[in-house]
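Understanding the architecture of this molecule
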Amino acid sequence: MKTLKKFMGAYKKETVLAPLFKLLEACFELFVPLVVVRMIDQGIKKDNMAVIWQSGGLMLLLAIVGLACSITAQFFAAKAATGAATAMRRAMFEKLQKFSFTEIDEVGTGTMITRMTSDINQVQSGINMVLRLFLRSPFIVFGAMAMAFTIDVEAAVVFAVIIPVLSVVVFAILLSTIPGYRKVQAMLDQVLGRTRENLTGGRVIRAFRKEQDEIEGFRKENKTLRKLQEAVGRVSALLNPLTYVGINIALVVLIHQGSLRVQVGALTTGEVVALINYMSQILVELIKLANLIILVTKAIACLNRVSEVLEKELTVEKEKTLAESSESSDAYVEYRHVNFAYEGAGDLALEDISFQVKKGELIGIIGGTGAGKSTLMQLLCGFYPVTEGTVFLDGKPVDTYETNTLLDKVGIVMQKPVLFRGSILENLRMGKQDATQEECWKALEIAQAKDFVEEKQFQLMFRVQQGGKNLSGGQRQRLSLARTLIKKPEVLILDDSASALDYLTDVNLRKAIRESAADQTVFIISQRTASIMDADKILVLDDGKLIAQGTHQELLDTCETYQEIYYSQFPKEGSHEADK
């Protein structure tokens, strides 16, 4: 509820006015049966047309004023609900932008999409309905009972009995369904996660002819979701029938008792009709209240899930508050006894990593699949906090940098290139917002992308589809590289970002990068030894451990793992020509 209070704070006026106008509408509605009493007892029974017309006109006036109050209340309720939901969605998106890779891995993209869409929509509906009905319905229920007591105390006892009984039923069902709705939403996350996985990995699924397996898997999860929904639905479905049964029994008792009291002259016909009207009002409002409670139950479950994300402590920010600056050596980049484990993983992904890099050096990183190469560099970018040890950049621990400052210094080109819908120019300016076209062309030239961009219609204004679907893998890699180069980072990390490039383009790319900024520190992660042979230092990783470091020739003479990788790509009889 703390989360809801935070986002409803900007709509205090609407939060007060919406239920207030609903209460005014309810007041007018409660007067209608009294007008009916006058119409029947003094107008119809006495054939007094003046009273009938007066009563009819008063009922019409009450209806018009009530409608105006209802529309006004709906306006304020909708404004508060949509405004709070919009602010909530914006806050969640902003929080997502601050997530480190740890939180992204933990929460999951499918879960985030569910919480930003269906969960917040459910909260919005809940807010809207609560502002309109949460006070109105109880007010009508107890107001109708109070009005019944003003007409006849003995007949009104029926109201005093049935309302507490139905209230117990309603709240019993409420308490029993909240845990069920939580399970339903969690299972919905799982179903949406599988759906997203199939949409993004559709080509792989078809390539391995796994469509039927995925259909079966989805069917099982969907069946589980259906069973959970049915279980909760069975309990929720009891609300309306039980409410109808209770009210109808009360109506039967009321009509029977009223007829007896009319016979003895204790009640008039109009008063009996008024009592029945009040009981009907209670019936309608209890049904509304029952449906409101079902909606609120769902909304509370969804709000709790949204709050989990909004109140989640950011790992990186937490580490920044705990980290203390300490002096490093003369090295520009240093890893000092660094250990790292992914959240929830039992084993270390990186173990006791220590090395130093001077400014302007070119560093190659190589190792088998899963050796920890990408993870090693993601620690330098601050994407994950280290588990133990310290990563230093320019003499300061990475954890002490503000995120923006750190990422201004460090630029990374990811393994999988990601482009966004828009022009090439817009994608490049993600690296530097105020980049000129000349700067863009220079970055494209260094990234070996200038030629193919010049061939495109509209060149820099060529429209890139979402994910870069209308470009080849090599083109996407080169544009991703140009986007990073344009901000001229002090440290450039190429995470296997030339895997789709041919050998000659790869050579020209590395040469252009070195010539463009001699003092730039460059890390190249690659499976190709040819891409890192000219590096000032090569780091060899194996199963999360740094097993060797040195130049190409030093490693070729002393490191068995490096030898295996190298000779698997360059047979021994041709190794000397390759060295050349």
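Let me sum up the structure you'll find in this document.

1. Quick word on the overall build of the chain
When helices and strands are counted, the chain shows 22 helices and twelve strands. The C-alpha radius of gyration computed for the chain amounts to 35 Å, which surpasses the reference 25 Å derived for 580 residues by more than 25%, pointing to a less compact arrangement than a globule. For the chain, the spread of C-alpha atoms along the three principal axes comes to 120 × 55 × 50 Å. Relative to its 580 residues, the chain shows a buried fraction of 47%. Accessible surface for the chain amounts to roughly 29600 Å². Of this, 57% is attributable to carbon and sulfur atoms.

2. Topic: the sheet that holds strand β11 (residues 537-542)
One open sheet holds the six strands; their spatial order is β6-β9-β10-β3-β11-β12, and the pairing between them is mixed. Sheet topology places β6 (410-413) and β12 (545-550) at the edges, where each strand pairs with a single neighbour. Averaged over all neighbouring strand pairs, the angle between strand axes comes to 15°, with direction disregarded. The pairing of β11 with β12 spans five bridges and is classified as antiparallel.

3. What to know about the packing of aromatic side chains
All chains considered together, the criterion is met by seven aromatic pairs. A ring pair is formed by Phe 21 and Phe 76, whose centres lie 6.2 Å apart and whose planes are at 25°; its orientation type is stacked. In this pair, Phe 21 is assigned in helix α2 (residues 12-44) and Phe 76 in helix α3 (residues 49-98), connecting sequence segments 55 residues apart. Judged by relative accessible area, which is 22%, Phe 21 ranks as partly exposed. Residue class for Phe 76 comes out buried when judged on its relative accessible area of 13%.

4. Describing the pairing of β11
In terms of burial, β11 is largely enclosed, as five of its six residues are buried. Both strand β3 (residues 362-367) and β11 contribute to a ladder of five bridges, which runs parallel. Considered in β11, the bridge of Ile 366 is made with Val 540. Hairpin remark: β11 followed by β12, antiparallel, with two residues in the connecting loop; positive phi at Asp 543, about 55°.

5. Considering a nonpolar patch on the surface
Together, Phe 149, Val 153, Val 157, Val 161 and Val 165 make up an exposed nonpolar region whose accessible area comes to about 400 Å². Considering each element in turn, the nonpolar patch owes the most residues, four residues, to helix α7 (residues 153-200). Structurally, Val 165 can be placed in helix α7.

6. Observations regarding the nonpolar core
Grouped together as the largest cluster of nonpolar side chains are 50 residues, with contacts concentrated most on Phe 159, Ile 247, Leu 275, Tyr 278, Met 279, Ile 282 and Leu 286. Secondary-structure elements contributing two or more residues to this core are α2, α6 (136-151), α7, α9 (211-236), α10 (239-263) and α11 (269-310). Examining the composition of this core, we find that 16 residues originate from one element, α11, more than from any other. Beyond its immediate sequence surroundings of up to four residues, Met 279 is in contact with Val 158, Phe 159, Ile 247, Ala 250, Leu 251 and Leu 254.

7. Notes on unusual backbone geometry
Backbone phi values are negative for most residues with the exception of glycine, while trans is the configuration of most peptide bonds. Non-glycine residue His 337 carries a positive phi angle of around 50°. On the secondary structure map, His 337 appears in strand β1 (residues 333-340).

8. A word on the pattern of salt bridges
This structure, assessed with the given rule, holds 21 salt bridges. Two residues, Glu 25 and Lys 22, come together in a salt bridge whose shortest N-O distance is 3.1 Å. On the criterion of helical spacing, the pair formed by Glu 25 and Lys 22 is a turn pair, its members being three residues apart in helix α2. Taking the relative accessible area as the measure of exposure, Glu 25 reaches 13% and is therefore buried. For Lys 22, a relative accessible area of 6% gives the class buried. The salt bridge involving Arg 194 is made with Glu 214; its shortest N-O contact spans 3.0 Å. Highlighted residues: Arg 194 in helix α7 and Glu 214 in helix α9, separated in sequence by 20 residues. When salt bridges that share partners are traced, they join Lys 22, Glu 25, Glu 29, Arg 136 and Glu 285 into one network.

9. A look at the sheet that holds strand β2 (residues 350-357)
Spatially, the four strands line up as an open sheet ordered β2-β1-β4-β5, and their pairing is antiparallel. Only two strands of the sheet have a single neighbouring strand rather than two, namely β2 and β5 (396-397). Judged from the five bridges that link them, β1 and strand β4 (residues 388-393) form a sheet pairing that is antiparallel. Bridging across to β4, Arg 336 finds its partner in Thr 390. Strand contacts of helix α13 (residues 373-380): β1, β2 and β4, with the helix running at about 115° to β1, the strand carrying the most contacts.

10. Let's talk about the environment of Gln 563
On the secondary structure map, Gln 563 appears in helix α21 (residues 560-569). For Gln 563 and His 552, which are eleven residues apart along the polypeptide, the C-alpha to C-alpha distance reads 9.9 Å. Discounting chain neighbours no more than four positions away, the residues touching Gln 563 are Leu 555, Leu 556, Asp 557 and Thr 558.

11. Describing the side chain of Asn 128
If you trace the backbone, Asn 128 turns up in helix α5 (residues 109-134). For Asn 128, a relative accessible area of 17% corresponds to the buried category. Excluding residues that lie within four positions of it along the chain, Asn 128 makes contacts with Gln 74, Ala 77, Ala 78 and Ala 81.

Cut-offs used in this document
- Residues numbered from 1 in each chain as written.
- Predicted model: local features only at pLDDT ≥ 70, side-chain atom pairs only at ≥ 80, totals over all residues.
- Heavy atoms only, no water.
- Helix = DSSP H or I, 4+ residues; strand = E, 2+ residues; numbered from the N terminus.
- Rg over C-alpha atoms; globule rule 2.2 N^0.38 Å.
- Buried < 20%, exposed > 50% of the residue type's maximum accessible area, 1.4 Å probe, protein only.
- Areas by Shrake-Rupley, 256 points an atom, 1.4 Å probe, with all protein chains shown as cover.
- Pairing = 2+ DSSP bridges.
- Axes fitted to C-alpha atoms, helices over the stretch in contact; angles between N-to-C directions.
- Phe/Tyr/Trp six-rings, centres within 6.5 Å; stacked < 30°, edge-to-face > 60°.
- Patch = residues over 30% accessible without salt bridge, like charges linked within 9 Å, V, L, I, M, F, W, Y side chains within 5 Å.
- Salt bridge = Lys/Arg side-chain N within 4 Å of Asp/Glu carboxyl O.
- Core = buried A, V, L, I, M, F, W, Y, C linked by side-chain atoms within 4.5 Å.
- Contact = heavy atoms within 4.5 Å.

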